[in-house]
Amino acid sequence: MKKVFGTLLTCLLGLTLMGGFLKGQEAEAAKKNDEITIYLIRHGKTFFNTTGQVQGFADSPLTDKGISQAKKLGTGLKDIQFDLAYSSDLGRQRNTAKLILSKSDKKKPVLKEHDGFKEWNYGGYEGKTDKEMWEPIFEANGLKLDENWSDYEKLVEKIGDDGIANAIAANDPLKAAENYDEITTRGKAAMKTVIKDAKKAKAKNVMVVSSGSMIPTILELLVPEEYNGEILDNCSVTTLTYKDGKYTLDKVGDTQYIE
(Lines give C-alpha, C1' and ligand atoms only; values in the text may rest on other atoms or scores of the structure.)
Protein backbone atom coordinates (compact mmCIF):
# COMPACT_ATOMS: atom_id res chain seq x y z
CA MET A 1 0.00 0.00 0.00
CA LYS A 2 2.81 2.37 0.91
CA LYS A 3 4.44 1.56 -2.44
CA VAL A 4 1.24 2.40 -4.34
CA PHE A 5 0.83 5.62 -2.35
CA GLY A 6 4.42 6.56 -3.06
CA THR A 7 3.96 5.90 -6.77
CA LEU A 8 0.78 8.05 -6.83
CA LEU A 9 2.55 10.83 -4.96
CA THR A 10 5.44 10.74 -7.41
CA CYS A 11 3.01 10.89 -10.36
CA LEU A 12 1.10 13.82 -8.83
CA LEU A 13 4.35 15.66 -8.14
CA GLY A 14 5.47 15.04 -11.71
CA LEU A 15 2.18 16.31 -13.11
CA THR A 16 2.36 19.40 -10.91
CA LEU A 17 5.89 20.17 -12.07
CA MET A 18 4.94 19.52 -15.70
CA GLY A 19 1.91 21.77 -15.34
CA GLY A 20 4.07 24.51 -13.92
CA PHE A 21 6.59 24.09 -16.74
CA LEU A 22 3.85 24.27 -19.39
CA LYS A 23 2.30 27.33 -17.75
CA GLY A 24 5.71 28.94 -17.75
CA GLN A 25 6.12 28.22 -21.44
CA GLU A 26 2.65 29.57 -22.16
CA ALA A 27 3.38 32.72 -20.20
CA GLU A 28 6.66 33.18 -22.05
CA ALA A 29 4.92 32.67 -25.40
CA ALA A 30 2.18 35.13 -24.45
CA LYS A 31 4.83 37.63 -23.39
CA LYS A 32 6.58 37.25 -26.73
CA ASN A 33 3.30 37.65 -28.58
CA ASP A 34 2.77 40.97 -26.79
CA GLU A 35 5.82 42.39 -28.58
CA ILE A 36 5.05 44.60 -31.57
CA THR A 37 7.75 45.59 -34.06
CA ILE A 38 7.02 48.86 -35.84
CA TYR A 39 8.82 49.64 -39.09
CA LEU A 40 8.93 53.40 -39.66
CA ILE A 41 9.80 53.96 -43.32
CA ARG A 42 10.46 57.25 -45.07
CA HIS A 43 8.88 57.50 -48.52
CA GLY A 44 10.94 57.11 -51.70
CA LYS A 45 12.65 60.04 -53.39
CA THR A 46 10.25 62.58 -54.93
CA PHE A 47 10.38 65.36 -57.51
CA PHE A 48 10.56 68.03 -54.78
CA ASN A 49 13.35 66.09 -53.03
CA THR A 50 15.28 66.33 -56.30
CA THR A 51 14.60 70.03 -56.95
CA GLY A 52 15.19 71.16 -53.36
CA GLN A 53 11.65 72.41 -52.76
CA VAL A 54 9.79 72.43 -49.45
CA GLN A 55 7.45 69.46 -49.23
CA GLY A 56 5.13 69.02 -46.29
CA PHE A 57 1.38 68.82 -46.84
CA ALA A 58 2.20 69.69 -50.47
CA ASP A 59 2.91 66.59 -52.50
CA SER A 60 5.01 65.61 -55.50
CA PRO A 61 5.33 62.27 -57.28
CA LEU A 62 7.97 59.63 -56.70
CA THR A 63 10.79 59.86 -59.20
CA ASP A 64 12.08 56.82 -61.08
CA LYS A 65 14.73 56.54 -58.38
CA GLY A 66 12.07 56.75 -55.66
CA ILE A 67 10.05 53.99 -57.31
CA SER A 68 13.17 51.85 -57.61
CA GLN A 69 14.02 52.46 -53.93
CA ALA A 70 10.55 51.37 -52.81
CA LYS A 71 10.68 48.21 -54.93
CA LYS A 72 14.14 47.30 -53.64
CA LEU A 73 12.99 47.86 -50.07
CA GLY A 74 9.93 45.71 -50.72
CA THR A 75 12.19 42.91 -51.94
CA GLY A 76 14.36 43.26 -48.85
CA LEU A 77 11.35 43.04 -46.54
CA LYS A 78 9.38 40.44 -48.53
CA ASP A 79 9.76 37.70 -45.93
CA ILE A 80 8.26 39.80 -43.13
CA GLN A 81 4.58 39.24 -42.45
CA PHE A 82 3.20 42.74 -42.00
CA ASP A 83 -0.04 42.38 -40.08
CA LEU A 84 -0.92 46.06 -40.39
CA ALA A 85 0.25 48.83 -42.73
CA TYR A 86 -0.22 52.60 -42.55
CA SER A 87 0.56 55.79 -44.43
CA SER A 88 -1.20 59.13 -44.74
CA ASP A 89 -3.20 60.25 -47.79
CA LEU A 90 -0.10 61.88 -49.29
CA GLY A 91 0.60 60.17 -52.63
CA ARG A 92 4.32 59.81 -52.03
CA GLN A 93 3.70 57.88 -48.81
CA ARG A 94 0.78 55.83 -50.10
CA ASN A 95 2.57 54.81 -53.30
CA THR A 96 5.76 53.89 -51.45
CA ALA A 97 3.75 51.66 -49.11
CA LYS A 98 1.93 49.98 -52.01
CA LEU A 99 5.19 49.33 -53.88
CA ILE A 100 6.74 47.77 -50.77
CA LEU A 101 3.74 45.53 -50.17
CA SER A 102 3.60 44.51 -53.84
CA LYS A 103 6.88 42.62 -53.37
CA SER A 104 5.74 40.71 -50.28
CA ASP A 105 5.64 36.91 -50.30
CA LYS A 106 3.19 37.00 -47.40
CA LYS A 107 -0.47 37.85 -46.99
CA LYS A 108 -0.81 41.58 -47.65
CA PRO A 109 -2.67 43.81 -45.16
CA VAL A 110 -5.08 46.52 -46.30
CA LEU A 111 -3.26 49.86 -46.27
CA LYS A 112 -4.80 52.24 -43.72
CA GLU A 113 -4.39 56.02 -43.87
CA HIS A 114 -4.00 58.36 -40.90
CA ASP A 115 -3.43 62.13 -41.08
CA GLY A 116 -1.07 61.85 -38.14
CA PHE A 117 1.60 60.40 -40.44
CA LYS A 118 1.56 63.37 -42.82
CA GLU A 119 4.70 65.43 -43.03
CA TRP A 120 4.82 68.73 -41.11
CA ASN A 121 2.63 71.45 -42.60
CA TYR A 122 5.03 74.18 -43.72
CA GLY A 123 2.28 76.64 -44.58
CA GLY A 124 3.39 79.48 -46.86
CA TYR A 125 6.74 77.81 -47.50
CA GLU A 126 5.20 74.83 -49.30
CA GLY A 127 6.72 74.48 -52.77
CA LYS A 128 9.32 77.19 -52.18
CA THR A 129 13.05 76.47 -52.10
CA ASP A 130 14.54 74.74 -49.09
CA LYS A 131 16.97 77.63 -48.82
CA GLU A 132 14.20 80.19 -48.39
CA MET A 133 12.74 78.37 -45.39
CA TRP A 134 15.79 76.83 -43.77
CA GLU A 135 18.63 79.34 -44.22
CA PRO A 136 17.23 81.96 -41.79
CA ILE A 137 16.87 79.29 -39.08
CA PHE A 138 20.40 77.94 -39.60
CA GLU A 139 21.90 81.44 -39.62
CA ALA A 140 19.96 82.52 -36.51
CA ASN A 141 21.70 79.66 -34.70
CA GLY A 142 25.20 80.32 -36.04
CA LEU A 143 25.08 77.41 -38.50
CA LYS A 144 25.36 77.03 -42.24
CA LEU A 145 22.92 75.38 -44.65
CA ASP A 146 24.69 73.44 -47.42
CA GLU A 147 23.53 70.88 -49.97
CA ASN A 148 24.55 68.01 -47.67
CA TRP A 149 22.72 69.46 -44.64
CA SER A 150 26.00 69.02 -42.75
CA ASP A 151 24.91 71.14 -39.77
CA TYR A 152 21.39 69.75 -39.45
CA GLU A 153 22.16 67.45 -36.52
CA LYS A 154 23.84 70.39 -34.77
CA LEU A 155 20.68 72.43 -35.31
CA VAL A 156 18.53 69.66 -33.81
CA GLU A 157 20.91 69.34 -30.88
CA LYS A 158 20.82 73.09 -30.28
CA ILE A 159 17.11 73.92 -30.52
CA GLY A 160 15.38 70.56 -30.91
CA ASP A 161 12.44 69.55 -33.05
CA ASP A 162 10.20 71.93 -31.13
CA GLY A 163 12.50 74.89 -31.73
CA ILE A 164 12.69 74.14 -35.44
CA ALA A 165 8.93 73.72 -35.90
CA ASN A 166 8.12 76.83 -33.91
CA ALA A 167 10.72 78.88 -35.81
CA ILE A 168 9.18 77.82 -39.13
CA ALA A 169 5.69 78.70 -37.86
CA ALA A 170 6.90 82.08 -36.56
CA ASN A 171 8.71 82.93 -39.82
CA ASP A 172 5.91 81.77 -42.13
CA PRO A 173 4.55 84.88 -43.90
CA LEU A 174 1.10 83.28 -44.23
CA LYS A 175 1.05 82.09 -40.59
CA ALA A 176 -0.33 78.76 -41.83
CA ALA A 177 2.52 76.45 -40.78
CA GLU A 178 1.95 74.06 -37.88
CA ASN A 179 3.62 74.71 -34.56
CA TYR A 180 5.18 71.89 -32.57
CA ASP A 181 2.14 71.26 -30.37
CA GLU A 182 -0.08 70.81 -33.42
CA ILE A 183 2.38 68.41 -35.03
CA THR A 184 2.86 66.29 -31.92
CA THR A 185 -0.87 66.14 -31.15
CA ARG A 186 -1.60 64.36 -34.42
CA GLY A 187 1.58 62.23 -34.17
CA LYS A 188 0.56 60.97 -30.73
CA ALA A 189 -2.96 60.22 -31.99
CA ALA A 190 -1.58 58.24 -34.93
CA MET A 191 0.67 56.05 -32.78
CA LYS A 192 -2.10 55.53 -30.24
CA THR A 193 -4.26 54.22 -33.10
CA VAL A 194 -1.48 51.91 -34.31
CA ILE A 195 -1.01 50.30 -30.90
CA LYS A 196 -4.75 49.98 -30.32
CA ASP A 197 -5.23 48.33 -33.73
CA ALA A 198 -2.19 46.10 -33.24
CA LYS A 199 -3.38 44.82 -29.88
CA LYS A 200 -6.84 44.12 -31.28
CA ALA A 201 -5.42 42.25 -34.27
CA LYS A 202 -2.65 40.58 -32.22
CA ALA A 203 -0.24 42.02 -34.77
CA LYS A 204 3.47 41.35 -34.49
CA ASN A 205 4.81 43.48 -37.36
CA VAL A 206 3.46 46.88 -38.38
CA MET A 207 4.62 49.00 -41.32
CA VAL A 208 4.26 52.79 -41.21
CA VAL A 209 5.31 54.91 -44.20
CA SER A 210 5.76 58.56 -43.29
CA SER A 211 8.17 61.43 -43.96
CA GLY A 212 11.57 62.87 -43.08
CA SER A 213 10.45 65.26 -40.35
CA MET A 214 7.42 63.39 -39.01
CA ILE A 215 9.31 60.17 -38.26
CA PRO A 216 11.94 61.99 -36.16
CA THR A 217 9.11 63.76 -34.32
CA ILE A 218 7.56 60.39 -33.49
CA LEU A 219 10.95 59.16 -32.28
CA GLU A 220 11.39 62.24 -30.11
CA LEU A 221 8.00 61.54 -28.56
CA LEU A 222 8.49 57.82 -28.00
CA VAL A 223 12.23 57.28 -27.44
CA PRO A 224 13.75 60.69 -26.63
CA GLU A 225 16.70 59.19 -24.78
CA GLU A 226 17.63 56.90 -27.68
CA TYR A 227 17.10 59.04 -30.78
CA ASN A 228 19.88 61.55 -31.44
CA GLY A 229 18.46 63.58 -34.33
CA GLU A 230 19.86 61.49 -37.18
CA ILE A 231 18.77 62.45 -40.71
CA LEU A 232 16.63 59.75 -42.33
CA ASP A 233 17.23 59.05 -46.01
CA ASN A 234 14.52 58.15 -48.52
CA CYS A 235 13.28 54.59 -48.01
CA SER A 236 15.32 54.16 -44.84
CA VAL A 237 13.89 51.85 -42.18
CA THR A 238 13.75 52.72 -38.49
CA THR A 239 12.46 50.00 -36.18
CA LEU A 240 10.83 50.25 -32.78
CA THR A 241 9.75 47.51 -30.39
CA TYR A 242 6.66 48.05 -28.26
CA LYS A 243 6.35 45.88 -25.15
CA ASP A 244 4.66 46.30 -21.78
CA GLY A 245 3.62 49.84 -22.65
CA LYS A 246 7.17 50.93 -23.53
CA TYR A 247 9.04 51.59 -26.75
CA THR A 248 12.67 50.77 -27.50
CA LEU A 249 14.63 51.88 -30.54
CA ASP A 250 16.25 49.02 -32.46
CA LYS A 251 17.61 50.61 -35.65
CA VAL A 252 17.72 54.14 -37.07
CA GLY A 253 17.73 54.98 -40.78
CA ASP A 254 18.74 51.55 -42.05
CA THR A 255 19.35 51.71 -45.84
CA GLN A 256 20.89 48.26 -46.37
CA TYR A 257 18.03 47.14 -48.64
CA ILE A 258 18.39 49.97 -51.17
CA GLU A 259 22.17 50.36 -51.36
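Residues numbered from 1 in each chain as written. Predicted model: local features only at pLDDT ≥ 70, side-chain atom pairs only at ≥ 80, totals over all residues. Heavy atoms only, no water.

## Focus on the pattern of salt bridges
Okay, so step 1: One pass over the full model with this rule turns up eleven salt bridges.
Okay, so step 2: In this structure, glutamate 132 and lysine 128 form a salt bridge, with 3.8 Å as the shortest nitrogen-oxygen distance.
Okay, so step 3: Lysine 128 sits in the partly exposed class, given a relative accessible area of 31%.
Okay, so step 4: One network of salt bridges, in which partners are shared, links Lys78, Asp79 and Asp105. (Salt bridge = Lys/Arg side-chain N within 4 Å of Asp/Glu carboxyl O. Buried < 20%, exposed > 50% of the residue type's maximum accessible area, 1.4 Å probe, protein only.)

## Regarding the nonpolar core
Okay, so step 1: Core analysis: the largest hydrophobic core is formed by 46 residues, its most contacted members being Ile38, Trp134, Ile168 and Val206.
Okay, so step 2: Here this core gets eight residues from one element, more than from any other, and that element is helix α6 (residues 152–171).
Okay, so step 3: Not counting residues within four places of it along the chain, the set of residues in contact with isoleucine 38 comprises Met191, Ile195, Val206, Val208, Thr238, Thr239, Leu240 and Tyr247.
Okay, so step 4: In terms of nonpolar packing, the next biggest core, distinct from the first, is built from 18 residues, Ala70, Leu99, Met207 and Cys235 among them. (Core = buried A, V, L, I, M, F, W, Y, C linked by side-chain atoms within 4.5 Å. Helix = DSSP H or I, 4+ residues; strand = E, 2+ residues; numbered from the N terminus. Contact = heavy atoms within 4.5 Å.)

## Section: the sheet that holds strand β2 (residues 84–87)
Okay, so step 1: The strand order across the open sheet formed by six strands is β3-β2-β4-β1-β5-β6, and the pairing between neighbours is mixed. The open sheet terminates on both sides in strands that have one partner only, identified here as β3 (111–113) and β6 (246–254). Direction aside, neighbouring strands of the sheet carry axes that sit 20 degrees apart on average.
Okay, so step 2: For strand β1 (residues 36–42) and strand β4 (residues 205–210), the ladder comprises six bridges, and the chain directions are parallel. Paired with leucine 40 across the bridge in β4 is valine 208. (Pairing = 2+ DSSP bridges. Axes fitted to C-alpha atoms, helices over the stretch in contact; angles between N-to-C directions.)

## Topic: helix α4 (residues 91–102)
Given 3.6 residues per helical turn, the α-helix brings residues three or four places apart onto the same face.
Okay, so step 1: Here α4 contains twelve residues, and its C-alpha end-to-end distance of 16 Å stays within 8% of the 16 Å for a straight helix at 1.5 Å per residue.
Okay, so step 2: Of all the positions in α4, only Gly91, Arg92, Gln93, Thr96, Ala97, Leu99, Ile100 and Leu101 are classed as buried.
Okay, so step 3: Its buried side turned inward, α4 meets β1, α3 (64–76), β2, β3 and β4. (Expected span 1.5 Å × (residues − 1).)

## Digging into the environment of proline 136
Okay, so step 1: Mapped onto the secondary structure, proline 136 falls in helix α5 (residues 130–140).
Okay, so step 2: Relative accessible area serves as the criterion here: at 39%, proline 136 is assigned to the partly exposed category.
Okay, so step 3: Spatially, the C-alpha atom of proline 136 lies 9.4 Å from that of isoleucine 168, the residues being 32 residues apart in sequence.

## Considering the packing of aromatic side chains
Okay, so step 1: In total, this model carries ten aromatic pairs according to the counting rule given.
Okay, so step 2: Measuring from ring centre to ring centre gives 6.2 Å for tyrosine 86 and phenylalanine 117, while their planes differ by 55 degrees; the resulting arrangement is tilted. In this pair, tyrosine 86 is assigned in strand β2 and phenylalanine 117 in the loop between β3 and α5, connecting sequence segments 31 residues apart. There is no split in this pair, since tyrosine 86 and phenylalanine 117 are both buried.
Okay, so step 3: Pairing tryptophan 134 with phenylalanine 138 gives two aromatic rings, centres 6.3 Å apart and planes at 75 degrees, and the pair type is edge-to-face. (Phe/Tyr/Trp six-rings, centres within 6.5 Å; stacked < 30°, edge-to-face > 60°.)

## Remarks on the environment of asparagine 49
Okay, so step 1: If you trace the backbone, asparagine 49 turns up in helix α2 (residues 47–51).
Okay, so step 2: Asparagine 49 sits eleven residues away from serine 60 along the chain, and the two C-alpha atoms are 8.7 Å apart.

## A word on the packing of α3 against α4
Okay, so step 1: Relative to each other, α3 and α4 sit at 40 degrees, their axes nearing to 7 Å. The orientation of α3 relative to α4 falls into the category oblique. Handedness of the crossing formed by α3 with α4: right-handed. Between α3, through Ile67, Ala70, Lys71, Leu73 and Gly74, and α4, the contact on the second element is made entirely by Thr96, Leu99 and Ile100.
Okay, so step 2: Residues that form the contact of α3 with α4 fall into these classes: five nonpolar, two polar and one charged. (Parallel < 35°, antiparallel > 145°, perpendicular 65-115°, else oblique. Left-handed = near helix turned anticlockwise from the far one by under 90°. Nonpolar A, V, L, I, M, F, W, Y, C, P; charged D, E, K, R; others polar.)

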